[in-house]
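# Summary of structural features
Read off the chains here:
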Amino acid sequence: MSSLITARLAQERKDWRKDHPHGFIAKPSTKKDKNGDTTTDLTVWNCAIPGKADTPWAGGSYPLRLEFGNDYPAKPPRVAFPAGFFHPNVYPTGKVCLSILNEDKGWKPSVSIKQILIGVQDLLDSPNMSDPAQQEAYDQLRRSKATYLKRIKEQAKKFGSASGGAGDEIIVL
């Protein structure tokens, strides 16, 4: 990992600690080195996004993982929910389809982790129907909004604070 990437992600971590939206979690992962010591891995962040109040997503804390490649910040991180997450703009693998995460559309190296997480939270209740990533969720929302909303509320319960929310899910990318 280059010093540019390390410096940028260290600054992101510092900025997040000083100022982040209520209910959001974003922290670098940790791993054991060859000596068994715990080290921080700035290239992989474990996050959680709260569902907005007064939406079907309310009450959930949705786990999200950000993976920063060797070409960051020139290219966006890979952002993913757990596989099988139900949303028209989330691929079955969990990868999020959002313009600010697409280097050919809205990605700019100045986009912060805070902006990414807020953008994903906004996407939850305002799916982009012109850029679907998951056929089942897209079709269900088009055919029957009531059925779609029922499924979203079930998902919110699954990721609700009573079940432990983001801490219960393992994200495999």
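Here the structure is a predicted model, which means the values were calculated and not measured. (Residues numbered from 1 in each chain as written. Predicted model: local features only at pLDDT ≥ 70, side-chain atom pairs only at ≥ 80, totals over all residues. Heavy atoms only, no water.)

Below, the discussion takes up the UniProt feature "active site" (unreviewed entry) in the protein. The feature "active site" (unreviewed entry), as annotated in UniProt, sits at Cys97 in this numbering. Looking at the element boundaries, cysteine 97 is found in the loop between β4 (78–80) and α2 (113–125). Given a relative accessible area of 12%, cysteine 97 falls into the buried group. If we ignore the near neighbours within four places in the chain, the residues touching cysteine 97 are Asn89, Tyr91, Leu123, Asp131 and Ala133. (UniProt positions renumbered as here; feature names shortened; annotations may be inferred. Helix = DSSP H or I, 4+ residues; strand = E, 2+ residues; numbered from the N terminus. Buried < 20%, exposed > 50% of the residue type's maximum accessible area, 1.4 Å probe, protein only. Contact = heavy atoms within 4.5 Å.)

Here the focus is the nonpolar core. Core analysis: the biggest nonpolar cluster contains 37 residues, and Leu64, Leu66, Phe81, Val96, Leu117 and Val120 have the highest contact counts within it. With six residues, the top contributor of residues to this core is α2. Apart from residues lying up to four places away in sequence, valine 96 is in contact with Leu64, Val79, Ala80, Phe81, Asn89, Leu101, Val120 and Leu123. (Core = buried A, V, L, I, M, F, W, Y, C linked by side-chain atoms within 4.5 Å.)

What follows deals with helix α4 (residues 145–158). The periodicity of an α-helix, 3.6 residues per turn, causes residues three or four places apart in sequence to face the same way. Relative to the 20 Å expected for 14 residues at 1.5 Å per residue, α4 spans 20 Å between its end C-alpha atoms, a close match to the ideal helical length. Three or more residues of α4 are buried, namely Tyr148, Ile152, Gln155 and Ala156. Considered in projection along α4, the buried side chains sweep an arc of 105 degrees and stay on one side of the axis. Turned more than 90 degrees off the buried face of α4, the exposed positions are Ala146, Lys150 and Lys157. (Expected span 1.5 Å × (residues − 1). Arc of directions from axis to C-beta.)

Bringing the environment of isoleucine 113 into the picture now. Mapped onto the elements, isoleucine 113 comes out in helix α2. For isoleucine 113, a relative accessible area of 1% gives the class buried. Along the backbone, isoleucine 113 and asparagine 46 are 67 residues apart, and their C-alpha atoms lie at a distance of 11 Å. Leave out the neighbours within four places in its chain, and isoleucine 113 touches Leu9, Glu12, Ala26, Trp45, Leu66 and Phe68.

Per the stated rule, a full pass over the model turns up nine salt bridges. Taking the shortest distance from any N to any O, the salt bridge between arginine 8 and glutamate 12 comes out at 3.1 Å. Of the two residues, arginine 8 and glutamate 12 both sit in helix α1 (residues 3–18), four residues apart, roughly one turn of that helix. When its relative accessible area of 7% is taken as the criterion, glutamate 12 is described as buried. Of the charged contacts, one joins aspartate 19 and lysine 114 as a salt bridge, the two residues approaching to 2.8 Å between their closest N and O atoms. With aspartate 19 in the loop between α1 and β1 (25–32) and lysine 114 in helix α2, this residue pair connects regions lying 95 residues apart in the sequence. Judged by relative accessible area, which is 45%, aspartate 19 ranks as partly exposed. (Salt bridge = Lys/Arg side-chain N within 4 Å of Asp/Glu carboxyl O.)

Aromatic ring pairs: the centre-centre distance and the angle between the two ring planes describe each pair. This structure, assessed with the given rule, holds ten aromatic pairs. When the ring of tryptophan 57 is compared with that of phenylalanine 85, the centres are 5.9 Å apart and the planes differ by 20 degrees; the resulting orientation is stacked. Residue tryptophan 57 is found in the loop between β2 (38–50) and β3 (61–67), and its partner phenylalanine 85 is found in the loop between β4 and α2; the two are separated by 28 residues along the sequence. Tryptophan 57 gets classed as buried once you look at its relative accessible area, which sits at 2%. Exposure remark for phenylalanine 85: the relative accessible area of 2% places this residue in the buried category. Through successive ring pairs, a cluster of aromatic residues spans Trp57, Tyr62, Phe81, Phe85 and Phe159. (Phe/Tyr/Trp six-rings, centres within 6.5 Å; stacked < 30°, edge-to-face > 60°.)

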